[in-house]
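The residues making up each chain are set out below.
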Amino acid sequence: MVTILFYLFAGLAIGGAIGVVMAKSPVGSLLFMVTTLAAMAATFVLLEAHFLAAIQIIVYAGAIMVLFLFVIMLLNLGHDYQRDLKGGAFAVLSFAIVGAISGLLAQRLGAAGSSDITAGGVAIDAAIAEHGAIGAIAQPLYTTYVVPFEITGILLLVAIVGALVLAKKEV
Amino acid sequence: MITEALVLSAILFVIGTFGFLVRRNAIIMFLCVELQLNAVNLSFVAFSRMWGIDGQIFVFFVMTVAAAEAAVGLAIIISIFRHYETVNVDSFNLLKW
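Each residue is numbered by its place in its chain's sequence as written, counting from 1. In the order they appear in the text, chains get letters beginning with A and ligands get numbers beginning with 1. Reporting in this predicted model follows two pLDDT cut-offs: at least 70 for local features of residues, and 80 or more for side-chain atom pairs to be given and counted; totals over whole chains, interfaces and linings ignore these cut-offs and use all residues.

1. Some details on the overall build of chain A
Here is step 1 of the chain: A run of H or I in DSSP becomes a helix once it reaches four residues, and a run of E becomes a strand once it reaches two; helices and strands are each numbered from the N terminus. When helices and strands are tallied, chain A shows six helices and zero strands.
Here is step 2 of the chain: Along chain A, from the amino end to the carboxyl end, the secondary structure elements read α-α-α-α-α-α.
Here is step 3 of the chain: For chain A, the residues scored as buried account for 21% of the 171 residues in total. Working definition of burial: number of other C-beta atoms within 10 Å of the residue's own, with buried at 20 or more, exposed at 12 or fewer, and partly exposed in between, all C-beta atoms being placed from the backbone.

2. Some remarks on unusual backbone geometry
Here is step 1 of the chain: In this structure, Glu48 of chain A takes a positive phi of about 65 degrees despite not being glycine.
Here is step 2 of the chain: Among the secondary structure elements, Glu48 of chain A is positioned in the loop between helix H2 (26-46) and helix H3 (50-74).

3. So, the nonpolar core
Here is step 1 of the chain: Counting residues in hydrophobic clusters, the biggest one holds 63 residues, and the most contacted among them are Leu12, Ile27, Leu31, Leu35 and Val45 of chain B.
Here is step 2 of the chain: For this core, the secondary-structure elements that each account for two or more residues are helix H1 (2-22), H2, H3, helix H5 (119-141) and helix H6 (146-167) of chain A together with helix H1 (2-22), helix H2 (26-51) and helix H3 (54-84) of chain B.
Here is step 3 of the chain: If you tally residues by element for this core, the top one is H2 of chain B, at 13 residues. Think of a nonpolar core as buried Ala, Val, Leu, Ile, Met, Phe, Trp, Tyr and Cys residues chained together by C-beta atoms that fall within 7 Å.

4. Details of the environment of Phe44 of chain B
Residues and elements named next belong to chain B.
Here is step 1 of the chain: Within the secondary structure, Phe44 sits in helix H2.
Here is step 2 of the chain: Among the residues examined, Phe44 registers 21 C-beta atoms within 10 Å and is labelled buried.
Here is step 3 of the chain: Along the chain, Phe44 and Ile57 lie 13 residues apart, while their C-alpha atoms are 9.2 Å from each other.

5. Here's the deal with the interface of chain A and chain B
Here is step 1 of the chain: Residues are scored as being in contact if the C-beta atoms we place from backbone atoms lie within 7 Å. Between chain A and chain B, the residue contacts involve 66 residues of the former and 61 residues of the latter.
Here is step 2 of the chain: If you list the elements that add at least two residues to the side of chain A that touches chain B, you get H1, H2, H3, helix H4 (89-112), H5 and H6 of chain A.
Here is step 3 of the chain: Broken down by class, the residue content of the side of chain A that touches chain B amounts to 52 nonpolar, 11 polar and three charged. By the convention adopted, Pro, Cys, Tyr, Trp, Phe, Met, Ile, Leu, Val and Ala count as nonpolar, Lys, Arg, Asp and Glu as charged, and the other residues, Gly among them, as polar.

6. Let's talk about H5 of chain A
All names here are of chain A.
Here is step 1 of the chain: The span you would expect from a helix comes to 1.5 Å times its residue count less one. The end-to-end C-alpha distance of H5 is 20 Å, clearly below the 33 Å that 23 residues give at a rise of 1.5 Å each.
Here is step 2 of the chain: Here the bend at a residue is taken as the angle between two axes, fitted respectively to the seven residues that end there and the seven that start there. At His131, H5 shows its maximal bend, which comes to roughly 115 degrees.
Here is step 3 of the chain: For H5, the complete set of buried residues consists of Gly121, Ile124, Ala136 and Ile137.

7. Observations regarding the packing of H5 of chain A against H3 of chain B
Here is step 1 of the chain: With their axes 10 Å apart at the nearest point, H5 of chain A and H3 of chain B run at an angle of 80 degrees to one another. The orientation of H5 of chain A with respect to H3 of chain B, classified from their angle, is roughly perpendicular. Contacts from Ile137, Pro140 and Leu141 of chain A of H5 of chain A reach H3 of chain B at Asp54, Gln56, Ile57 and Phe60 of chain B.
Here is step 2 of the chain: Partitioning the contact of H5 of chain A with H3 of chain B into residue classes produces five nonpolar, one polar and one charged. Axes here refer to lines fitted to C-alpha atoms; in helices the fit is confined to the stretch in contact. Angles between the N-to-C directions go from 0 to 180 degrees. Note that the term roughly parallel is reserved for angles under 35 degrees, roughly antiparallel for angles over 145, roughly perpendicular for angles of 65 to 115, and oblique for everything else.

8. Some thoughts on H2 of chain A
Here is step 1 of the chain: For H2 of chain A, with 21 residues, the first-to-last C-alpha span of 30 Å sits near the 30 Å given by 1.5 Å per residue.
Here is step 2 of the chain: Considered for burial, the residues of H2 of chain A that qualify are Pro26, Ser29, Phe32, Met33, Thr36, Leu37, Ala39, Met40, Ala41, Thr43 and Phe44 of chain A.
Here is step 3 of the chain: Against H1 and H3 of chain A together with H1 and H2 of chain B lie the buried residues of H2 of chain A.
Here is step 4 of the chain: Of the residues flanking the end of H2 of chain A, it is Glu48 of chain A, one or two places downstream, whose phi is positive at about 65 degrees.

9. Observations concerning the packing of H3 of chain A against H3 of chain B
Here is step 1 of the chain: Two elements in contact, H3 of chain A and H3 of chain B, have axes whose closest approach is 11 Å; the angle formed by their N-to-C orientations is 5 degrees. Here H3 of chain A is positioned roughly parallel relative to H3 of chain B, judged by the angle of their axes. Residues Leu52, Ile55, Val59, Tyr60, Ala63, Ile64, Leu67, Phe68, Val71 and Leu74 of chain A of H3 of chain A pack against Gln56, Val59, Met63, Ala66, Ala67, Ala70, Ala71, Leu74, Ile77 and Ile78 of chain B of H3 of chain B.
Here is step 2 of the chain: A per-class count over the contact of H3 of chain A with H3 of chain B returns 19 nonpolar, one polar and no charged.

10. Describing the confidence of the model for chain B
Here is step 1 of the chain: Confidence of the predictor at the level of single residues is given by pLDDT, which spans 0 to 100. Averaged over every residue, the pLDDT of chain B is 87; residues scoring 70 or more account for 99%.
Here is step 2 of the chain: With a pTM of 0.86, the predicted complex shows an ipTM of 0.90.

Okay, here's the thing in structure tokens:
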């Protein structure tokens, strides 16, 4: 059952990703992207990462994609249907690069070789049973990784100020 | 399940790379970068099933950086659009030699 659901959502995610690249209008591209993000959130649930699945929907599909949509509407690109795909030699070159990358990735994945019952999975299941789905992430996030967490706050502050300065009319 | 998730993440990453190379609309190129980040997130979650919860925490940080990157990148696109009235990257050749 879980495997069938995984393949269903994997197909949905791949179809959405192809739609992102192939859609003519930017808004269509964006809606395909939301499909992909939702399907990936479902695969996160199947991989027992419940908190990340919720964050994926709320932050990615909710906040970041709406930001993209705002910019598309602000720049009035909603009905820009002209083709902007690069053709010819550049497309061949991109296919070659993409093929090389996927070949390397497939080689790595074949070498990794994994089974479904692993130490990490058992540890995560135990942590979720003890602390709950959010507590299992919060426990190491606020102890082992507290310094990177604080630095992330500074990064967001800098990004907010930078975005305001860049988008302002008179600098 | 882990191997299938890794293969899915590889496929999504390759599609994102291809889109970034082929499309010329700056906003769609950004969307393809987001797709690549998401593919890497999926492989982090899959590896966290093998090595422990740290992979999921890294996904948390990657999402934060992606949000910051989207905000700054879209601000840059808006300020470029003010000058050139287009988001087609072929029309920006100021840094080309």
